[in-house]
Amino acid sequence: MNVLFLCTGNSCRSILGEATFNHLAPAGWKAMSAGSKPTGQVHPRSLALLAREGISTEGYVSKSWDNLPATPDIVITVCASAAGETCPAYLGPVLRTHWGVEDPAHATGTDEEVDAAFMTAYRILRARIEAFLALPLETLAQDKQKFKEELDRIGNLIPA
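Residues numbered from 1 in each chain as written. Predicted model: local features only at pLDDT ≥ 70, side-chain atom pairs only at ≥ 80, totals over all residues. Heavy atoms only, no water.

(A) The arrangement of the environment of Ala27 in detail. Within the fold, Ala27 resides in the loop between α1 (13-24) and β2 (30-35). Owing to a relative accessible area of 79%, Ala27 belongs among the exposed residues under this scheme. A C-alpha to C-alpha distance of 9.6 Å links Ala27 and Met1, two positions 26 residues apart in sequence. (Helix = DSSP H or I, 4+ residues; strand = E, 2+ residues; numbered from the N terminus. Buried < 20%, exposed > 50% of the residue type's maximum accessible area, 1.4 Å probe, protein only.)

Shown next, in the form of structure tokens:
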């Protein structure tokens, strides 16, 4: 099963989702990420955070959804629509869910405050990915509606 983490710039949140998912996923599950208007580079703080967490950063690049290496089965948008951000809509016969996360690339303040924004985004995504992977995936793969309901529910999880 291929999971696509999708946002606009593909420099922070979707990259964090892709790398974290691939780090935790069982065999047969693979994540990728893309943006509708990619920045062309992965944010250095995203790469630094992943490295600190022991997650490989090799091969992650900011890329367009026009150049996906595989067709996704599940698309998870991670834009923060509450912030007025326009989320791209992936068209195609896929299971879609939305896991809004504030974009740490727009964080301002001291280095510590900006790093904290990246860590918050990572913690939210990791908690949701762990909840996703804790689901009875084999069973849910046979019931797309129930799978979507579970993924939508997970999209509202905020770690303590």
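Moving on, there is more to tell.
(B) Main features of the pattern of salt bridges. With the rule as written, the count across this model stands at eight salt bridges. A salt bridge links Glu18 to Lys63, with the shortest nitrogen-to-oxygen separation between them at 3.7 Å. One end of the pair, Glu18, is in helix α1; the other, Lys63, is in the loop between α2 (44-52) and β3 (74-77), with 45 residues separating them in the sequence. The salt bridge partner of Glu150 is Arg153, with a shortest N-O separation of 2.7 Å. (Salt bridge = Lys/Arg side-chain N within 4 Å of Asp/Glu carboxyl O.)

(C) Fine view of the sheet that holds β2. Pairing is parallel in the open sheet, where four strands are placed in the order β2-β1-β3-β4. The open sheet has two edge strands, β2 and β4 (95-98), and neither has a second partner. Direction aside, neighbouring strands of the sheet carry axes that sit 20 degrees apart on average. Where strand β1 (residues 2-7) lies against β2, six bridges are found, and the strand directions are parallel. Bridging across to β2, Cys7 finds its partner in Gly35. Sheet strands in contact with helix α5 (residues 144-154) are β3 and β4, and its direction is about 15 degrees off that of β4. (Pairing = 2+ DSSP bridges. Axes fitted to C-alpha atoms, helices over the stretch in contact; angles between N-to-C directions. Contact = heavy atoms within 4.5 Å.)

(D) Expanded view of the packing of aromatic side chains. In total, this model carries six aromatic pairs according to the counting rule given. Three or more aromatic residues joined by ring pairs make a cluster, and in this case those are Phe5, Phe21, Trp29, Trp99, Phe132 and Phe147. (Phe/Tyr/Trp six-rings, centres within 6.5 Å; stacked < 30°, edge-to-face > 60°.)

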